[in-house]
Amino acid sequence: MLVRRCPWRSIQLHQLWRLREIHTREAIHDKRWPGWQVIIGIEVHAQIKSRRKLFSESFTSRPGETPNTTVSVFDSAFPGTLPIFNPKCVELAVRTAFALNSKVHHHSAFDRKHYFYSDLPAGYQITQRYSPLASDGYIRLSKGDVSVGITQIQLEQDTAKSIFDALRRTSLIDLNRAGSGLMEIVSEPDMRSPEEAADYVRTLQAVLRCVGSSDGNMEQGSFRCDVNVSVNKHGQPHGTRCEIKNLNSVKFMMMAITSEVFRHIELLEDGRSVPQDTRGFDENKAETFKLRSKADSPDYRYMPDPNIPPLLLSEEYIETIRETMPDLPDATRARLLNLGLSERDTDVLMAVDSGREVGFDGELGKGAVTYFDSLAQQRDPRVVVNWMTHELIGQLTARKETFCDNPVSVEQLGELIDLVQDSKITGTSGKSILKYIIANRSSSAPSVLARELSLEAVSEDDNVSTRAWCTEAIEALPEEAEAVRQGNPRVLNKLVGKVMQLSRGRADAQNARVVLEDVLRR
């Protein structure tokens, strides 16, 4: 049997080098644990958004799918079955490597990682522990001048899913997920607080969605985190590392890190050592708990997979992917700011865009930024973003809907903005028409709806209608009218609002103000 030699010496030298790098960063003094330094590294398992699994022709399962329906004989480890490699998974992983500023290796290889568990049908997992697809990258966090190193990016199989039936007190196995393609993205221990860890995860999610390699959905299990935490006094060698497994939300990850930091500090201040454990997180108690000690961890007995030859990538293949990379979040953000958008509007647009639908096999979802780009052609970008963030997204949020549920086409909102800018309808009428389109899922043109709903603007020349509404507003609000006559101009806004109400938004507010002042002077 061939056994892959583990390059322990080179790994030890790399770790020693990293120990020096860990302390080159300026000390962060946190009021929650004064005098202590927290060191955090994260291993992320991101499911690759491909239609088919990594080594079989089975379709990747979707949430809510009937258990054990998207599984092949290879996924369920029938004897004599052989893998069929999915090249799309490699392409998406290479995209991810470029997005994380990593070095893509021309030669990588697959190993078998042996352990026995009910959700692993073959008794081993195919992975790339010792010869990964890419390594030596970094990612810049969104807050502060902080970069987190990326140790390596490796392809591997996902496991099946265990489901505990409390009624029958039995664990059930769903093989739908077995064999789905994963990217394991291993960070360097460069984070110093729960907040930096959260920023890292959110930034990584945005990058993966941007390049279309993963939907980064923690709630549905397609993006899972294992967090390594240690603490030490400032200026001293870093402490014993403990790993917290399978954290499935940013909120719980921050809670788990905080709980673990306080646990380490309590042990060290009592004069006890921190055992090197693998731990879970109890969400109800907000505490970590021991799963096993590192001394009890299984010997994975890595060996080269005899059924899978080395993965060889040509320079031409790598460069083709590099040249077709989509814009990354930093580049998109800079472009939006250069268009004159404010920091706040850019943040809102990017935040909404990060939740866009990610298509299969690298098909980029059309999110808020793409919608904005189409809408802003030959229009003022600041006017467009105002309608998008305040009106469109605001009304969707009020209905508890996301941008993915948006029924308003680019053509509809574009025409609506043009009608308002050309004074053919008022801003108030525009908001009413937008609300109507969203509520009724209407595909009608805004100009047609303006006529049907009698929301076309009254021209400035039509003072007869405006004067009638102003007179009616004064009669409805006599005290406010008298206050304006007595020299309190601020109350005039209330009268203008009444005119807009009576006209159902058709009157021009500025013209109504002028007519009101004229009527009140008489």
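Parameters at a glance
The written sequence of each chain sets the order in which its residues are numbered from 1. Given that the model is predicted, a residue must reach a pLDDT of at least 70 before its local features are reported, and side-chain atom pairs must reach 80 or more before they are shown or counted; all residues, however, enter totals for whole chains, interfaces and linings. Side-chain descriptors were evaluated using all non-hydrogen atoms of the structure, hydrogens and water having been removed beforehand. Secondary structure elements are defined from DSSP: runs of H or I of at least 4 residues count as helices, runs of E of at least 2 residues count as strands, and each element is numbered from the N terminus. Any two residues whose heavy atoms approach within 4.5 Å are treated as being in contact. Here, strands pair whenever DSSP counts at least two bridges between them. Angles shown run from 0 to 180 degrees and are taken between the N-to-C directions of axes, each axis being a line fitted to C-alpha atoms and, for helices, limited to the stretch in contact. Here, a salt bridge means any Lys or Arg side-chain nitrogen found within 4 Å of an Asp or Glu carboxyl oxygen. Each residue is assigned to one of three classes by its accessible area relative to the maximum for its type, calculated with a 1.4 Å probe on protein chains only: buried under 20%, partly exposed between the two thresholds, exposed over 50%. Throughout this description, the term nonpolar core refers to a set of buried Ala, Val, Leu, Ile, Met, Phe, Trp, Tyr and Cys residues connected via side-chain atoms within 4.5 Å. Any angle from 65 to 115 degrees is called roughly perpendicular, while one under 35 is roughly parallel, one over 145 is roughly antiparallel, and all others are oblique. Take the far helix as the reference: if the near one is turned anticlockwise from it by less than a right angle, the crossing is left-handed, and if turned clockwise, right-handed. Classification convention: Asp, Glu, Lys, Arg as charged; Ala, Val, Leu, Ile, Met, Phe, Trp, Tyr, Cys, Pro as nonpolar; all other residues, Gly among them, as polar. Here the expected length of a helix is defined as 1.5 Å per residue gap, with one fewer gap than residues. Take the seven residues that end at a residue and the seven that start at it, fit an axis to each, and the angle between those axes is the bend at that residue. Two N or O atoms form a polar contact when they lie within 3.5 Å of each other; inside protein one atom must be a possible hydrogen donor and the other a possible acceptor, and for residues adjacent in sequence the pair counts only when both atoms belong to side chains.

Moving on: the environment of glycine 414. By secondary structure assignment, the location of glycine 414 is in helix 10 (residues 410-421). Considered as a pair, glycine 414 and leucine 375 are 39 residues apart in the sequence and their alpha carbons are 6.0 Å apart. Leave out the neighbours within four places in its chain, and glycine 414 touches Leu375 and Arg379.

Attention now moves to the sheet that holds strand 2 (residues 103-104). Ordered in space as 2-6-7-10-1-11-12-13-14, the nine strands form an open sheet in which the pairing is mixed. Because the sheet does not close on itself, it has two edges, and the strands there are strand 2 and strand 14 (287-293). In this structure, strand 6 (residues 134-140) lies alongside strand 7 (residues 147-157), joined through six bridges in antiparallel fashion. Along strand 7, the bridge assignment pairs isoleucine 139 with valine 148. Seen against the sheet, helix 3 (residues 194-211) touches strand 1 (36-47), strand 6, strand 7, strand 10 (181-187) and strand 11 (223-233) and runs at an angle of roughly 25 degrees to strand 1.

All right, on to the sheet that holds strand 5 (residues 124-127) then. Taking strand neighbours across the sheet as the criterion, the three strands line up as 5-4-15 in an open arrangement whose pairing is antiparallel. The sheet is open, and its two borders are formed by strand 5 and strand 15 (303-304), each paired with just one other strand. Here strand 4 (residues 111-114) pairs with strand 15 via two bridges, running antiparallel. In the sheet register, arginine 112 faces strand 15, and the bridge partner there is methionine 303.

This next bit is on the pattern of salt bridges. The final tally for this structure, using the stated rule, is 26 salt bridges. We note a salt bridge from arginine 32 to aspartate 30, for which the minimum N-O separation is 2.7 Å. Put simply, glutamate 243 and lysine 245 hold a salt bridge, and the shortest N to O gap is 3.9 Å. Its relative accessible area of 7% is what places glutamate 243 among the buried residues. You can call lysine 245 partly exposed: its relative accessible area is 24%.

Turning our attention to the pairing of strand 8 (residues 161-165). Pairing of strand 8 with strand 9 (residues 170-174), which is carried by five bridges, proceeds in the antiparallel orientation. Counterpart to lysine 161 in the pairing with strand 9 is aspartate 174. The loop that links strand 8 with its antiparallel partner strand 9 comprises four residues; one of these, arginine 169, has a positive phi angle of about 50 degrees.

Right, let's talk about the nonpolar core for a bit. Generally speaking, a soluble globular protein has its nonpolar side chains buried in company with each other. Ile42, Ile185 and Tyr200 are the most contacted members of the largest nonpolar core, which totals 65 residues. Ignoring any residue separated from it by four or fewer positions in sequence, one finds isoleucine 185 in contact with Ile42, Glu43, Val44, Thr96, Leu100, Ile150, Gln152, Ile153, Tyr200, Leu204 and Leu208. Tyr371, Val385, Ile393 and Phe403 belong to the second largest nonpolar core, which has 33 residues in total.

When two helices pack together, you describe them by how their axes are tilted relative to each other and by the distance separating the axes. Where helix 9 (residues 381-398) contacts helix 10, the axes come no closer than 11 Å and their chain directions differ by 110 degrees. Classified by the angle their axes make, helix 9 and helix 10 are roughly perpendicular. Considering the relative orientation of helix 9 and helix 10, their crossing is right-handed. In contact with Val383, Val384, Trp387, Met388 and Leu392 of helix 9, helix 10 contributes Leu413, Leu416, Ile417, Val420 and Gln421. Among the residues forming the contact of helix 9 with helix 10, the class breakdown is nine nonpolar, one polar and no charged.

Here the focus is helix 9. For helix 9, spanning 18 residues, the distance from its first C-alpha to its last is 24 Å, which sits close to the expected 26 Å at 1.5 Å a residue. The sharpest bend along helix 9 measures roughly 30 degrees and falls at methionine 388. Considered for burial, the residues of helix 9 that qualify are Pro381, Val383, Val384, Val385, Trp387, Met388, Thr389, Glu391, Leu392, Ile393, Gln395 and Leu396. The elements touched by buried residues of helix 9 are helix 7 (343-353), helix 8 (368-375), helix 10 and helix 11 (427-440). The backbone nitrogen of arginine 382 lies 3.0 Å from a side-chain oxygen of the residue at the head of helix 9, namely aspartate 380.

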